[in-house]
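# Survey of secondary and tertiary structure
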Amino acid sequence: MTIALCFTPSFCLQKQFITPKPPLHSYTNPITICATRSRYSITLSTRCSVNQNPESFAALDKPRLEEWLSAAASLYPVYVTVGGVLAFIRPSTFSFFVNMAPNSYSFTLGLIMLSMGITLEFKELIDLFRQRPLSILYGCAAQYTIMPSFGWIVSKLLGLSPSLTVGLILLSCCPGGTASNVVTLLARGDVPLSIVMTVCTTLGAVILTPLLTKILAGTFVPVNAASLSMSTLQVVVAPILLGLYLQSKFPEVVKLLTPFSPLVAVIASSLLASSVFSENVIRLKSSFAASSSSASSLIDSAQSMLSSELGAVVLSVILLHLAGFFVGYLSAALGGFKEPQRRAISIEVGMQNSSLGVVLATSHFALPLVALPSAMSAVLMNIMGSSLGFFWRYIDPSNQKDDLEVAEE
């Protein structure tokens, strides 16, 4: 879930890297900058861009505990799916967490963002931004134009209720999710671009998420943009800045904590999504039962499900993310970017920070269903994104020799 959330060395595409220069820091950092033909590449959690010397590779291999933690964290789609199923079957399982909401939700998101912040180094991010400003700005613009537009379009096409409309629009106006970094790695996309886009869109969410939500959803329910902005600042930006501070002041302590942060973040995110889903299960079940009781055939049952609130939420979330993946890729292709950058932008646009959507919805909207699209997205988005990543993993980029170069001209 965080930038450090990654895989064992077998997932890294070694043939895309050349022998790096000496590392910038004496300790192993989840983000490692390596000089390659005056470009930068980022590897996650472990120094995958090693030379082909077997002894050198063995020396840099992660300890067994770190490998286990990384492997466990990479199962995030499994955790959130199991949590969603459990919430549907037995909603009372998460009542201990729901009863403490919204404070429990805000604290959990802050913990997730802090785990992201301690894996970052501000200087390295600035260096990356200087190297590829065009692709980063293009990707961020795509994030805050494509998804909000389709959030509004999908809600109109499906005729969603006001609460679900606001919830879907709020989800679409959230920044990119950090799970997109892992999916981009799987898809053989431009991982550095994905990481910096995630950070930039997250910091920009303080202004853009409340502003776009008020513009697109303000006609359905009152939206307090200033209050949304303050909450975003408190639960997203402040923990990231705190993490950056801890990284710079206490690097050795952070080094000990970093291997655990991905697993903590994915468990916290799964708990958050499952708890919000469990809040609405009883109403969704009754809505679906009422609509399906009059169904006399399989077709009627399918129509009844789509007409129920549960079916409407599932369909709207699927359509939103599909549009993000497809239009994000198409816009990058029209922008003249190479295949690795197209994949990174597509995944970054299509995968949202659904945890932020959950917290903002539960903290600022009285209608309980407003948080449901974000909670459902946490399950469906990760299944869709992971599937796309595995599909792209077995399709070579069109210009493989240029995988590490960015189309800046």
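Turning our eyes to something else, we now look at the overall build of the protein chain. The secondary structure content of the protein chain amounts to 18 helices and two strands. Classification of the 409 residues of the protein chain by burial places 56% in the buried group. By element, 68% of the accessible surface of the protein chain is carried by carbon and sulfur atoms, the whole surface being about 16900 Å².

Applying the stated criterion to the full structure yields three salt bridges. Residue Glu339 is joined to Arg342 by a salt bridge in which the shortest nitrogen-to-oxygen separation is 3.9 Å. Here Glu339 and its partner Arg342 are both found in helix H16 (residues 339-350), three residues apart, which amounts to about one turn of the helix. Since its relative accessible area comes to 7%, Glu339 is described here as buried. Given a relative accessible area of 22%, Arg342 falls into the partly exposed group. A salt bridge links Glu339 to Arg343; its shortest N-O distance comes to 2.8 Å. With Glu339 and Arg343 both in helix H16 and four residues apart, the pair spans about one turn of that helix. According to the relative accessible area criterion, Arg343 is buried, its value standing at 1%. Put simply, Glu339, Arg342 and Arg343 are held in one network by salt bridges that share partners.

Grouped together as the largest cluster of nonpolar side chains are 73 residues, with contacts concentrated most on Tyr105, Val236 and Leu356. Take this core: its biggest share by element is nine residues, from helix H10 (residues 191-217). Filtering out sequence-adjacent residues up to four positions away, Tyr105 remains in contact with Phe97, Val98, Leu272, Ser275, Val276, Glu279, Val358, Val359 and Thr362.

A surface patch of nonpolar side chains, about 630 Å² in accessible area, is lined by Leu65, Trp68, Phe107, Leu111, Phe260 and Val264. Looking at the nonpolar patch, the elements that each hand over two or more residues are helix H2 (64-73) and helix H5 (103-117). One can find Leu65 in helix H2. Residue classification places Leu65 among the partly exposed residues on the basis of a relative accessible area of 48%.

This part covers the environment of Val78. Summarising the element assignment, Val78 is placed in helix H3 (residues 76-89). Note on Val78: relative accessible area 44%, which makes it partly exposed. Between the C-alpha atoms of Val78 and Ser270, which are 192 residues apart in sequence, the distance is 9.3 Å.

The next thing to look at is unusual backbone geometry. The phi dihedral of Arg188 is positive, around 60°, even though this residue is not glycine. Positionally, Arg188 belongs in the loop between helix H9 (179-186) and H10. By relative accessible area, which is 7% here, Arg188 ends up buried.

Turning to the packing of helix H8 (residues 162-172) against H10, a few remarks are in order. Between two packed helices, both the angle of their axes relative to each other and the distance between the axes serve to describe the pair. With their axes 9 Å apart at the nearest point, H8 and H10 run at an angle of 145° to one another. Seen along the crossing, H8 lies across H10 with a hand that is right-handed. Listed contacts from H10 to Val166, Ile169 and Leu170 of H8 are Thr209, Thr213, Leu216 and Ala217. Class assignment for the residues of the contact of H8 with H10 results in five nonpolar, two polar and no charged.

In this section: the packing of H8 against helix H18 (residues 372-393). Axis separation between H8 and H18 bottoms out at 7 Å; the angle between their running directions is 50°. By the angle between their directions, the pair H8 and H18 is classed as oblique. Contacts between H8 and H18 involve Leu164, Gly167, Leu168 and Leu171 on the former and, on the latter, Pro373, Ser374 and Ser377. A breakdown of the residues in the contact of H8 with H18 according to their chemical character gives four nonpolar, three polar and no charged.

One pass over the structure, following the stated rule, counts four aromatic pairs. The interplanar angle of 40° and the centroid separation of 5.7 Å between the aromatic rings of Phe97 and Tyr105 together place this pair among those described as tilted. As far as burial versus exposure is concerned, Phe97 and Tyr105 are alike and both buried. Pairwise contacts between aromatic rings join Phe96, Phe97 and Tyr105 into one cluster.

What counts, and where the lines are drawn
- Numbers given for residues are sequential positions, taken from 1 along each chain in its written order.
- Side-chain atom pairs in this predicted model are given and counted only at pLDDT of 80 or more, local residue features only at pLDDT of at least 70, and totals for whole chains, interfaces and linings cover all residues.
- Remark: hydrogens and water are excluded; side-chain values derive from all non-hydrogen atoms of the structure.
- A run of DSSP states H or I qualifies as a helix once it reaches four residues; a run of E qualifies as a strand once it reaches two. Both are numbered from the N-terminal end.
- Note on exposure labels: buried denotes an accessible area under 20% of the residue type's maximum, exposed denotes more than 50%, and partly exposed covers the range between, all computed with a 1.4 Å probe on protein chains only.
- Under the convention used here, a 1.4 Å probe and the Shrake-Rupley method define accessible areas, while residue burial counts only the protein chains that appear.
- When a carboxyl oxygen of Asp or Glu is within 4 Å of a side-chain nitrogen of Lys or Arg, the pair counts as a salt bridge.
- The term nonpolar core refers to a set of buried residues drawn from Ala, Val, Leu, Ile, Met, Phe, Trp, Tyr and Cys, joined through side-chain atoms within 4.5 Å.
- By the convention used here, residues are in contact when the closest approach between their heavy atoms is within 4.5 Å.
- Each patch is built from residues that are more than 30% exposed by relative accessible area and take part in no salt bridge. Like charges join if they lie within 9 Å; nonpolar side chains (Val, Leu, Ile, Met, Phe, Trp, Tyr) join within 5 Å.
- The angle between two axes is taken between their N-to-C directions and runs from 0 to 180 degrees, where each axis is a line fitted to C-alpha atoms and a helix contributes only its stretch in contact.
- Definitions for this section: a left-handed crossing has its near helix turned counterclockwise from the far helix by less than a right angle. A right-handed crossing has that turn clockwise.
- Residue polarity is assigned by list, with Asp, Glu, Lys and Arg as charged and Ala, Val, Leu, Ile, Met, Phe, Trp, Tyr, Cys and Pro as nonpolar; anything else, Gly included, falls into the polar class.
- Roughly parallel means an angle under 35 degrees; roughly antiparallel means over 145; roughly perpendicular covers 65 to 115; every other angle is labelled oblique.
- Two aromatic rings from Phe, Tyr or Trp, using only the six-membered ring of Trp, form a pair when their centres are within 6.5 Å; if the ring planes differ by under 30 degrees the pair is stacked, by over 60 it is edge-to-face, and anything between is tilted.

The quantities given are spatial measurements derived from coordinates; they are silent on function.
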